[in-house]
Amino acid sequence: MATPQSRDPSEQQDEACPVVESIEQIGSQWRLAVLHTLLEGEHRFNELKRETGANARTLSRVLDDLGEMGFVERRLEEDAPIATYYSLTEKGESLEPVFEEISCWADSWLEGEALEA
């Protein structure tokens, strides 16, 4: 069995690709903020704007991107007043344990760094 040091670098790169691809899909500040907020449940556009701090243009672009990637779905309610709601798809909801793990990691490692600074 090859150790990490003895493996071919191209093998290591192939193993990292899913991680890199995943981070590229969800890794922007605004995508993470929107996904994390939507873990709480369905939100209207202005609620997302207020909770994430994103401006309307950025939020609109991020929601479109997340929708195209299959993380977020949009629901239009045409009763007066017209309202647009956003929620996570099954793919988006599957990120909940990832956010929990990142939160645990941050609690363990970032708190100590803040105290040292």
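Above: the structure in question.
Presented here is an overview of the structure given in this document.

Quick notes on the rules
- Residues numbered from 1 in each chain as written.
- Predicted model: local features only at pLDDT ≥ 70, side-chain atom pairs only at ≥ 80, totals over all residues.
- Heavy atoms only, no water.
- Helix = DSSP H or I, 4+ residues; strand = E, 2+ residues; numbered from the N terminus.
- Buried < 20%, exposed > 50% of the residue type's maximum accessible area, 1.4 Å probe, protein only.
- Contact = heavy atoms within 4.5 Å.
- Areas by Shrake-Rupley, 256 points an atom, 1.4 Å probe, with all protein chains shown as cover.
- Polar contact = N/O pair within 3.5 Å; in protein donor to acceptor, adjacent residues only side chain to side chain.
- Core = buried A, V, L, I, M, F, W, Y, C linked by side-chain atoms within 4.5 Å.
- Pairing = 2+ DSSP bridges.
- Phe/Tyr/Trp six-rings, centres within 6.5 Å; stacked < 30°, edge-to-face > 60°.
- Lys NZ or Arg CZ within 6 Å of the ring centre and 35° of its normal.

### A word on the overall build of the protein chain
Alright, step 1. Broken down by element type, the protein chain carries six helices and three strands.
Alright, step 2. Start at the N end of the protein chain and walk to the C end: the helices and strands fall as α-α-β-α-α-β-β-α-α.
Alright, step 3. Out of the 117 residues in the protein chain, the part that is buried amounts to 23%.
Alright, step 4. A fraction of 46% describes how many contacts in the protein chain between residues 6 or more apart in sequence connect residues 24 or more apart.
Alright, step 5. Of the roughly 8500 Å² that the protein chain leaves accessible, carbon and sulfur atoms contribute 50%.

### Points about the environment of glutamate 42
Alright, step 1. Within the secondary structure layout, glutamate 42 lies in the loop between α2 (29–38) and β1 (43–44).
Alright, step 2. Considered as a pair, glutamate 42 and leucine 88 are 46 residues apart in the sequence and their alpha carbons are 7.5 Å apart.
Alright, step 3. Residues contacting glutamate 42, with those up to four places away along its chain left out, are Glu47, Arg75, Tyr85, Tyr86 and Ser87.
Alright, step 4. For glutamate 42, the side chain forms a polar contact with the side chain of arginine 75, separated by 2.8 Å.

### Considerations on the nonpolar core
Alright, step 1. Ranked by internal contacts, the top residues of the largest apolar core, which has 16 residues, are Val34, Leu35, Leu38, Leu63, Leu66, Phe71 and Val72.
Alright, step 2. Listed by contribution, the elements that provide at least two residues to this core are α2, α4 (56–68) and β3 (83–88).
Alright, step 3. Residue contributions to this core peak at four residues, all from α4.
Alright, step 4. Sequence-distant contacts of leucine 38, that is, excluding residues within four places in its chain, are made with His43, Leu48, Val72, Tyr86, Ser87 and Leu88.

### A look at unusual backbone geometry
Alright, step 1. Backbone torsion omega between alanine 80 and proline 81 reads -10°, so that peptide bond is classified as cis.
Alright, step 2. Within the element layout of this structure, proline 81 appears in the loop between β2 (72–77) and β3.

### Describing the sheet that holds β2
Alright, step 1. Reading across from one edge, β1-β3-β2 is the order of the three strands in this open sheet, with antiparallel pairing throughout. A strand with exactly one partner marks an edge of an open sheet, and here the two such strands are β1 and β2.

### Details of the pairing of β3
Alright, step 1. Of all six residues in β3, six are buried; the element is thus mostly enclosed.
Alright, step 2. Because side chains alternate across β3, one face comprises the buried residues Ala83, Tyr85 and Ser87, and the other comprises Thr84, Tyr86 and Leu88, equally buried.
Alright, step 3. In terms of strand pairing, β1 meets β3 through two bridges, oriented antiparallel. Residue histidine 43 lies in a different strand from β3, and its bridge partner there is tyrosine 86.
Alright, step 4. Between the antiparallel neighbours β2 and β3 lie five residues.

### What to know about the packing of aromatic side chains
Alright, step 1. Tallied over the entire structure, the rule returns zero aromatic pairs.
Alright, step 2. A cation over a ring is seen here: arginine 75 above tyrosine 85, with NZ or CZ 4.3 Å from the ring centre.
Alright, step 3. The ring of phenylalanine 71 carries lysine 91 above its face, with NZ or CZ at 4.5 Å from the centroid.

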